[in-house]
Amino acid sequence: MATIKDVAAKVGVSVATVSNALNGKPNVGTAVRRKVLRAAKALGYRPHRAAQAMRTGRTRAIGLVLPDLTNPFFPQLAQTVENKARKLGLLVCLIDSQDSAAGEADGLTLLAQHGVDGIIWCPVGPRIPRPIHTLGRPVVLIDRPRPGFAVVHSNNLMGGQLLARYALRQGHRRVGLLSGPRSVESAQQRRNGFVSAHPERIEIAWEVRMGFDGILPPEACAALLDRRGATLLVAGNDLIAINALRFLTQHDVQVPDDVSIVGFDDISWARIVSPRLTTIAQPLVAIGTRAVELLEERLSGAAIASRATVFDVTLVERESVKSI
Ligand code: RIB
């Protein structure tokens, strides 16, 4: 593999000049920079990151900490982060915190040991784990805000409101809520957006809370079998909606003929199940891209502190809701 010395010899300049040219330093003339870049490409030179880290203290690696990789939402989000990071020459080190504070702390500690330059993090719970403070590196939150941190997430309240207006348009007046966990802001925002949009026209027949992993607790199964007049089920995310759909089908309840259902996220499975799921789409490419851009800005010295970037969401109408 070509080294920086090979590039310097080919162009006839010093190793320092090659390094400055490749790192965009201002003290290199345009002509020399162009020659260096051409020579590096011709030789197939790639900087040795470990050697570079010894010199600069930067690994050009970032950590990405997500709660649950078995939920398609997070791998889809991870893909957008990795694609953007790689375009910037950044290596992504992925941690699955297994939806637990212990898993999250272990993963953050490992990232600190490997000297990542910064972290993009979707918190599991309300507490800020100690490694976040001892890491001493920039952190950008994704999906779930915390005071004092820059964050990128969807407008979950808007998503709840869109679903309420859609429910009314489809003629649904009595609704059952299969809401996500109280401890997660996105779950709270979605159900609050729905409940507060048209309280005088939509009656909440019942509400059951559960995890975003979609596993239905006994009270959810009971509510699905005795829906108490609810004609529409509003799930906190697509995994909950898909598990409810499967449970109803297993108990000979037809969706949407007997009851309609909507989700949130627009994971790839929403288009595979039958009937295909009506849901709220989150702009994952925009979210992941923006999170990397924010972290890169911070790594380049900009002050990003508690800047929040909130993206609109969109309703995706498919076949799981009947007009009544
Ligand atoms: O499915 C996991 C949930 O956590 C998603 O709905 C996403 O919005 C995050 O809040």
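Residues numbered from 1 in each chain as written. Predicted model: local features only at pLDDT ≥ 70, side-chain atom pairs only at ≥ 80, totals over all residues. Heavy atoms only, no water.

Trainee: A description of the packing of aromatic side chains should follow, citing residues and the corresponding values.
Mentor: Enumeration over the complete set of coordinates arrives at two aromatic pairs. Centroid distance F73 to F74: 5.0 Å. Interplanar angle 85 degrees. Geometry classified as edge-to-face. Assigned by exposure class, F73 and F74 land together as buried. For the ring pair W121 and F149, a centre distance of 6.3 Å and an interplane angle of 80 degrees mean the geometry is edge-to-face. In this pair, W121 is assigned in strand β3 (residues 118-121) and F149 in the loop between β4 (139-142) and β5 (150-154), connecting sequence segments 28 residues apart. Pair check on accessibility: W121 and F149 agree, each one buried. (Phe/Tyr/Trp six-rings, centres within 6.5 Å; stacked < 30°, edge-to-face > 60°. Buried < 20%, exposed > 50% of the residue type's maximum accessible area, 1.4 Å probe, protein only. Helix = DSSP H or I, 4+ residues; strand = E, 2+ residues; numbered from the N terminus.)

Trainee: Tell me about the domain arrangement of the chain, and please be specific about residues and values.
Mentor: Under the domain assignment used here, the chain contains domain 1 (4-44), domain 2 (61-154 + 284-313) and domain 3 (156-281). Using only C-alpha atoms to locate each centre, domain 2 and domain 3 end up separated by 28 Å. With 14 residues of domain 2 at the contact, the number on the domain 3 side is 18 residues. Counting each side, the surface lost to burial between domain 2 and domain 3 is near 1300 Å², with a carbon and sulfur contribution of 54%. A per-residue breakdown of the area domain 2 buries against domain 3 is headed by P72, R144 and V313, which together make up 39% of the total. On inspection of domain 2 and its partner domain 3, the count reaches one salt bridge. (Domains from an automatic or database assignment. Contact = heavy atoms within 4.5 Å. Buried area = accessible area lost by both parts, 1.4 Å probe. Salt bridge = Lys/Arg side-chain N within 4 Å of Asp/Glu carboxyl O.)

Trainee: Can you lay out the packing of helix α1 (residues 4-11) against helix α2 (residues 15-22) for me, pointing to particular residues and giving the numbers?
Mentor: Relative to each other, α1 and α2 sit at 100 degrees, their axes nearing to 8 Å. By the criterion of interaxial angle, the relationship of α1 to α2 is roughly perpendicular. Packed against α1, whose contacting residues are I4, K5, V7 and A8, the element α2 presents V15, V18 and S19 at the interface. Split by residue class, the contact of α1 with α2 holds five nonpolar, one polar and one charged. (Axes fitted to C-alpha atoms, helices over the stretch in contact; angles between N-to-C directions. Parallel < 35°, antiparallel > 145°, perpendicular 65-115°, else oblique. Nonpolar A, V, L, I, M, F, W, Y, C, P; charged D, E, K, R; others polar.)

Trainee: Go over the site of the ligand, please, and point to the residues and values.
Mentor: Close to the ligand lie N71, F73, F74, D143, R144, S186, R190, F212, N237, D265 and Q282. Between the ligand and the protein, one listed contact pairs an oxygen atom with a side-chain N or O atom of N71 at 2.5 Å. In the model, an oxygen atom of the ligand is placed 2.7 Å from a nitrogen or oxygen of the D143 side chain. Here the ligand, which alone exposes 270 Å², has 99% of that area covered by the protein. When residues of the shell around the ligand are traced back to their parent elements, those giving at least two are α5 (73-87) and α9 (185-197). Residues of the shell around the ligand, tallied by class, amount to three nonpolar, four polar and four charged. Residues lining the shell around the ligand come from more than one domain, with at least three contributed by each of domain 2 (61-154 + 284-313) and domain 3 (156-281). (Near = heavy atom within 4 Å. Polar contact = N/O pair within 3.5 Å; in protein donor to acceptor, adjacent residues only side chain to side chain. Areas by Shrake-Rupley, 256 points an atom, 1.4 Å probe, with all protein chains shown as cover.)

Trainee: Requested: an account of the packing of α2 against helix α3 (residues 30-43), with residues and values cited.
Mentor: Contact geometry of α2 with α3 gives a least axis separation of 9 Å together with a crossing angle of 90 degrees. Considered as vectors, α2 and α3 are oriented roughly perpendicular to each other. Of the residues in α3, those touching α2 at T17, V18, N20, A21 and L22 are V32, R33, V36, L37 and A40. A per-class count over the contact of α2 with α3 returns seven nonpolar, two polar and one charged.

Trainee: Can you explain the layout of surface pockets? Please cite residues and give values.
Mentor: By volume, the second largest pocket amounts to about 150 Å³. If you go around the second largest pocket, you meet 13 residues; those closest to its centre are P67, D99, R144, V184 and F212. Class assignment for the residues of the lining of the second largest pocket results in six nonpolar, three polar and four charged. (1 Å grid on protein atoms, 1.4 Å probe; cavity = no way out; pocket = protein on both sides within 12 Å on 5 of 7 lines; lining within 4 Å. Points joined across faces, edges and corners; volume = space filled by probe spheres on them.)

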